[in-house]
Amino acid sequence: MKKIYFSYENTGGLSSADFQLGMRFLVPEIERLQEVTLAGGYTTDYASVNLPADTQMLEKVQLVVDAKKALRPTALVVVGIGGSHLGTLAVQQALLGTQYNAQQPDLKIYYVDSVDADYTYDVYLLVEQELQQGHQIILNVISKSGATTETIANFMLFEYLLKQYYPQTYREAIVLTTNYGSPLWELAQQEEFDCLDIPQRVGGRYSVFSPVGLFPLGLLNIDLEMLLAGAAQVVAPCTSIEVTHNKAALSALLLKEHYFSGKNIHDTFLCSVDFAGFGLWYRQLMAESVGKMYDRDGGLVRTGMLPTVSQATADLHSVAQLYLGGPLNRFTTFVTVDTNKANLVVPRDIERKVLTKLERQLQGKTYHELMQAIVEGVRIAYLKQEMPFVTFSIPEKTAYYLGQLIQIKMFEIIYLGFLLDINPFDQPEVELYKQETRKILSHE
Ligand code: PA5
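One structure accompanies this document, and this report is about it. (Residues numbered from 1 in each chain as written. Predicted model: local features only at pLDDT ≥ 70, side-chain atom pairs only at ≥ 80, totals over all residues. Heavy atoms only, no water.)

## Here we look at the nonpolar core
Okay, step 1: Counting residues in each nonpolar core, the largest one holds 95 residues, and the members touching the most others are Phe275 and Phe278.
Okay, step 2: Ranked by residues supplied to this core, first place goes to helix H15 (residues 399-419) with 15 residues.
Okay, step 3: Excluding residues within four positions of it along the chain, Phe275 makes contact with Ala94, Leu270, Gln311, Val335, Val337, Ile394, Lys397, Leu402 and Leu405.
Okay, step 4: Val77, Val112, Leu131 and Val141 belong to the second largest nonpolar core, which has 24 residues in total. (Core = buried A, V, L, I, M, F, W, Y, C linked by side-chain atoms within 4.5 Å. Buried < 20%, exposed > 50% of the residue type's maximum accessible area, 1.4 Å probe, protein only. Helix = DSSP H or I, 4+ residues; strand = E, 2+ residues; numbered from the N terminus. Contact = heavy atoms within 4.5 Å.)

Shown next, in the form of C-alpha cells:
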C-alpha cells in the first residue's frame, strides 16, 4: 500500500533542531493519546481516535445500512449541520465527485443543513419528485445534541413530506443518529424510528468515523472497511514520538510556530475540486477547535488561526494576487492528488487551419500534467515570496487514503490545541448565538 506523502520543503526557517524541541514539548500529549488508543473505548475527550478500530459499531451500522438498502431507495436526505454532515460531504465528494447527483446514480444524496427557505425548498421539490414517482427515500437525521434548531426544523419538514406519500410505512424510511438520551433519542424510542448512537464523548467535528458518517456513506456504497482501515493505519504513526513518522504532530508544530510568528491564517489549498467538501470539513475542524477565548486555565487568550480554503485552479484567478502580493500573514497546506480517475487529454487533432502558440503547447497534454505544472508554478512562486507551506500528497482518491487524511488532520488539530494550550474539543461560544436564537423563537 502507498502512503500519504507529507513534504515541508518550505518551513519558513525552522530547523530540524526546532522540530525535535517542539516534539519534546508534545510528548505528554502523545503519551496520553497512546494510552487512550491502547485502552480503547470512549471514556475521554480523545474518544474519536478509537472509532476506526470499533468493529462492533461498524457491524451495527452495516445492519441498518443493509435494511435500508433493501427498501431500494432512490434518494438519501441527510439532515444535519456542521460536524453532523460535513465529514460525510468530504468523503462523498472526494470519492464520488461533486457532480454525483447529476450522473443519475441509483441513490442520489441531498444535504439539508441550514434554514435557507429557497435552498431547502429546492431540495424539497427534488425529493418530492422522487416520491411522486413512487420511489422510496431514506431520511437520515443527525444531531448529537438532538436539539439543534435547523436540524429539528428540517426533520419536521421532511418527515411531513414523507408521511404524505407513505402514511403507513414512513417510519421505516427514517434513521435518527444521535446521542443516547438526547431529545431525538427519546423521540426515536417513542415513535419507533431506527436510531444509531453517537458515542457521548465523540465531538461532532470528530465524528465522521462514527454512525454520523458511516451510515450515509455505507448507503452510498462507500467501502467503509477501507475507509476505517485507512484511518486505523495512521493511528500508530500519529501517536509516535518520532518526529519523522508523525505527520500530524509535525504539521501542528509548523502551524503553531508560524502562528506565533504572525501567520494567523491557515489556507488549505486544494488541488482537486472533488476535495471541496474536505475543505469545508477541515475549515470547521480547525475553526471550532482552536478558535478559543480562554486557555485551559481560564486565562483570556482569544486565540486561533483563521482557516481559509482555496481551490486550484479557479482561485488562482481570484485570490492569488492577494496571497502573493498582499500581507505575508498566511501559512499554506497544499493538498494534491497523484493520480486522476479520468485520463483527459487536450485534443491533438484539431481540424483547424490556425492554432495559436498556446494551443500548440497544450495539444496532447493530459489535464493531470496541466494541473501539476500549475501547482508546481504556484509552489515556486510561494518559495520565491518566502511564503511557508507544506504539502499532503494523496496517492489516489480512494476510501483508504481519505480515511488516512481525515484521521491525520484530526490528530493534527488535537496536537495544535495542546500546543496553543486550549481545549480543542469544546465550542462554548457557539452557545452564545444559540441562546439568543432560542430566546427569540420562544416568543409566542
Ligand atoms: O462540531 C460540532 O460539535 C458542531 O459543529 C456540531 O456538529 C453542530 O453544531 C451540530 O450540532 P448537533 O449535532 O448537536 O446538531
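This is not the end of the story, as more comes after the structure.
## Regarding the pairing of strand S2 (residues 73-79)
Okay, step 1: Burial runs high along S2: 7 of the 7 residues are buried.
Okay, step 2: Note that S2 and strand S4 (residues 136-143) share 6 bridges and pair parallel. Each residue of the ladder has a partner; that of Leu76, found in S4, is Ile138.
Okay, step 3: Bridge count between S2 and strand S3 (residues 108-112): 5 bridges; the pairing is parallel. In the sheet register, Leu76 faces S3, and the bridge partner there is Ile109. (Pairing = 2+ DSSP bridges.)

## Quick notes on the packing of helix H3 (residues 86-96) against helix H11 (residues 276-290)
Okay, step 1: At a closest axis distance of 7 Å, the pairing of H3 and H11 adopts a crossing angle of 150°. If you check the angle between H3 and H11, you find them roughly antiparallel. Here H3 and H11 pass one another in a crossing that is left-handed. Judged by residue contacts, Leu86, Gly87, Leu89, Ala90 and Gln93 of H3 engage Ala276, Gly277, Phe278, Leu280, Trp281 and Gln284 from H11.
Okay, step 2: For the contact of H3 with H11, the residue count by class is 7 nonpolar, 4 polar and no charged. (Axes fitted to C-alpha atoms, helices over the stretch in contact; angles between N-to-C directions. Parallel < 35°, antiparallel > 145°, perpendicular 65-115°, else oblique. Left-handed = near helix turned anticlockwise from the far one by under 90°. Nonpolar A, V, L, I, M, F, W, Y, C, P; charged D, E, K, R; others polar.)

## Brief notes about the site of the ligand
Okay, step 1: Close contacts around the ligand come from 14 residues, with Ser84, Ser143, Ser145, Thr148 and Gln284 the closest.
Okay, step 2: In the model, an oxygen atom of the ligand is placed 2.7 Å from a nitrogen or oxygen of the Ser84 side chain.
Okay, step 3: In the environment of the ligand, an oxygen atom lies 2.6 Å from a nitrogen or oxygen atom belonging to the side chain of Ser143.
Okay, step 4: When isolated, the ligand has an accessible area of 380 Å², and the protein chains bury 90% of it.
Okay, step 5: Of the residues contributing to the shell around the ligand, the split by class is 1 nonpolar, 9 polar and 4 charged. (Near = heavy atom within 4 Å. Polar contact = N/O pair within 3.5 Å; in protein donor to acceptor, adjacent residues only side chain to side chain. Areas by Shrake-Rupley, 256 points an atom, 1.4 Å probe, with all protein chains shown as cover.)

## Points about the sheet that holds S3
Okay, step 1: The strand order across the open sheet formed by 5 strands is S3-S2-S4-S5-S6, and the pairing between neighbours is parallel. In this open sheet, the two strands that pair with only one neighbour each are S3 and strand S6 (194-198). Adjacent strand axes in the sheet meet at a mean angle of 20° when their direction is disregarded.

## With respect to helix H10 (residues 247-260)
Okay, step 1: With 14 residues, H10 extends 20 Å from end C-alpha to end C-alpha; this agrees with the ideal 20 Å at 1.5 Å per step.
Okay, step 2: Within H10, 12 of the 14 residues are buried, which leaves it mostly tucked inside the rest of the structure.
Okay, step 3: Looking at the residues trailing H10, positive phi occurs at Gly262, about 100°. (Expected span 1.5 Å × (residues − 1).)

## Some words on the sheet that holds strand S1 (residues 5-10)
Strands pair in a sheet through their backbones, by hydrogen bonds, and they do so in one of two ways: parallel or antiparallel.
Okay, step 1: Strand order in the open sheet formed by 5 strands is S1-S12-S11-S7-S10, and the pairing between neighbours is mixed. Single-partner strands in this sheet number two, and they are S1 and strand S10 (306-311). Looking at each pair of strands side by side, their axes are set apart by 20° on average, direction ignored.
Okay, step 2: The pairing of strand S11 (residues 330-337) with strand S12 (residues 389-394) spans 6 bridges and is classified as parallel. For Val337, the partnering residue across the bridge sits in S12 and is Ile394.
Okay, step 3: Sitting on the sheet, H10 is in contact with S1, strand S7 (265-270), S11 and S12, with an inclination near 30° to S1.

## Digging into the packing of aromatic side chains
Okay, step 1: Applying the stated criterion across every chain, the model contains 20 aromatic pairs.
Okay, step 2: Geometrically, the ring pair formed by Tyr8 and Phe19 is edge-to-face, given 5.6 Å between the ring centres and 85° between the ring planes. Within this pair, whereas Tyr8 is found in strand S1, its partner Phe19 is found in helix H1 (residues 16-39), the two being separated by 11 residues in sequence.
Okay, step 3: On the accessibility criterion, Tyr8 (28% relative accessible area) is partly exposed.
Okay, step 4: Where Phe155 meets Phe193, the ring centres are 6.1 Å apart and the plane angle is 75°; that geometry is what we call edge-to-face. With Phe155 in helix H5 (residues 149-165) and Phe193 in the loop between helix H6 (183-191) and S6, this residue pair connects regions lying 38 residues apart in the sequence. Just as Phe155 is buried, Phe193 falls in that class too. (Phe/Tyr/Trp six-rings, centres within 6.5 Å; stacked < 30°, edge-to-face > 60°.)

## What to know about the environment of Thr339
Okay, step 1: Within the element layout of this structure, Thr339 appears in the loop between S11 and helix H13 (357-362).
Okay, step 2: In this structure, the C-alpha to C-alpha distance between Thr339 and Pro73, residues 266 residues apart in sequence, is 32 Å.

## Side note on the environment of Ser272
Okay, step 1: By the element assignment, Ser272 lies in the loop between S7 and H11.
Okay, step 2: For Ser272, a relative accessible area of 7% translates into the label buried.
Okay, step 3: With 125 residues separating them in the primary sequence, Ser272 and Lys397 have C-alpha atoms 9.9 Å apart.
Okay, step 4: Dropping the residues within four chain positions of it, Ser272 is found in contact with Gln311, Val337 and Lys397.
Okay, step 5: Separated by 3.2 Å, the side chains of Ser272 and Lys397 make a polar contact.

## Concerning the pattern of salt bridges
Okay, step 1: If you walk through the whole model with that rule in mind, you get 14 salt bridges.
Okay, step 2: Arg205 is paired through a salt bridge with Glu288; the nearest N and O atoms lie 3.1 Å apart. With Arg205 in the loop between S6 and helix H7 (211-219) and Glu288 in helix H11, this residue pair connects regions lying 83 residues apart in the sequence.
Okay, step 3: On the accessibility criterion, Glu288 (23% relative accessible area) is partly exposed.
Okay, step 4: Here Glu436 makes a salt bridge to Lys439, at a shortest N to O gap of 3.2 Å. Taken together, the residues Glu436 and Lys439, both in helix H16 (residues 430-441) and 3 residues apart, mark about one turn of the helix.
Okay, step 5: For Glu436, a relative accessible area of 41% puts it in the partly exposed group.
Okay, step 6: Exposure remark for Lys439: the relative accessible area of 47% places this residue in the partly exposed category. (Salt bridge = Lys/Arg side-chain N within 4 Å of Asp/Glu carboxyl O.)

The values reported here are purely geometric and, on their own, carry no functional implication.
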